[in-house]
Amino acid sequence: VTGTYTGNGDETSGYTVNLGFKPKAVIIWATDGTSGGNGNIPFSDGGIILDTQPIQSGSTIHAEIVNEGFKVYTVESNNRPSYNYSKLQHTYIAFK
């Protein structure tokens, strides 16, 4: 399944993309190909979520698979990706 979502910027609750099924894997990337970062250290807003492995840095989860789709969070510090940055559109491919 392919689609897009636009982030809502909610760091606490995140944003759930409802697919109607629990995917085995999801590939996410910023639709406009942008990246961000601090100074000269850019990062890309994209990644792969596996059913058994969320995208995370240490104990901080950036994106994870949930029962009816996947959930993304905004993390705007330490040059970490923002999968739920307010008004930034992302494209995804989800695999059953």
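Since the structure is predicted, the reported quantities are computational estimates derived from the model, not experimental observations.

With that settled, the discussion passes to the packing of aromatic side chains. Centre distance and the angle of the planes are the two values used to describe a pair of aromatic rings. Within this structure, the stated rule accounts for three aromatic pairs. Consider the rings of Tyr5 and Phe70, whose centres lie 6.0 Å apart with planes at 70°: the pair is edge-to-face. Residue Tyr5 is found in strand S1 (residues 2-6), and its partner Phe70 is found in strand S9 (residues 69-72); the two are separated by 65 residues along the sequence. The exposure classification of Tyr5 matches that of Phe70, with both residues buried. Here the aromatic rings of Phe70 and Tyr92 are separated by 5.1 Å at their centres, their planes lie at 70°, and the arrangement is edge-to-face. In this pair, Phe70 sits in strand S9 while Tyr92 sits in strand S10 (residues 89-95), placing the two residues 22 residues apart along the sequence. A single burial state applies to Phe70 and to Tyr92, both of which are buried. Site record: aromatic cluster; members linked through ring pairs are Tyr5, Tyr15, Phe70 and Tyr92. Seen from the ring of Phe21, Lys96 lies directly overhead, with NZ or CZ sitting 5.0 Å from the centre.

Okay, the environment of Lys96 next. The topology assignment puts Lys96 in the segment after S10. Note: C-alpha distance between Lys96 and Lys22 (74 residues apart in sequence) is 7.1 Å. Once residues lying within four places of it in the same chain are set aside, the contact partners of Lys96 are Phe21 and Lys24.

One recurring pattern in soluble globular proteins: nonpolar side chains tend to sit buried together. Tyr5, Val26, Ile28, Ile49, Phe70 and Tyr92 are the most contacted members of the largest nonpolar core, which has 15 residues in total. Residue assignment for this core shows that the elements contributing at least two residues are strand S3 (25-30), strand S8 (60-66), S9 and S10.

Moving on: the pairing of S3. Two elements, S3 and strand S6 (residues 46-50), share five bridges in a ladder whose sense is antiparallel. By the bridge assignment, Val26 is partnered in S6 with Ile49. As defined by bridge partners, S3 adjoins S10 across six bridges and the pair is classed as antiparallel. Paired with Ile27 across the strands is Ile93, a residue of S10.

Side-chain pairs of opposite charge can arise where the charged atoms are in close proximity. Within the structure shown, the criterion is met by one salt bridge. A salt bridge links Lys22 to Asp51, with the shortest nitrogen-to-oxygen separation between them at 3.6 Å. Placement of the pair is Lys22 in the loop between strand S2 (15-18) and S3 and Asp51 in the loop between S6 and strand S7 (55-57), with a sequence separation of 29 residues.

Thresholds applied
- Residues numbered from 1 in each chain as written.
- Predicted model: local features only at pLDDT ≥ 70, side-chain atom pairs only at ≥ 80, totals over all residues.
- Heavy atoms only, no water.
- Phe/Tyr/Trp six-rings, centres within 6.5 Å; stacked < 30°, edge-to-face > 60°.
- Helix = DSSP H or I, 4+ residues; strand = E, 2+ residues; numbered from the N terminus.
- Buried < 20%, exposed > 50% of the residue type's maximum accessible area, 1.4 Å probe, protein only.
- Lys NZ or Arg CZ within 6 Å of the ring centre and 35° of its normal.
- Contact = heavy atoms within 4.5 Å.
- Core = buried A, V, L, I, M, F, W, Y, C linked by side-chain atoms within 4.5 Å.
- Pairing = 2+ DSSP bridges.
- Salt bridge = Lys/Arg side-chain N within 4 Å of Asp/Glu carboxyl O.

Nothing here speaks to function; it is geometry throughout.
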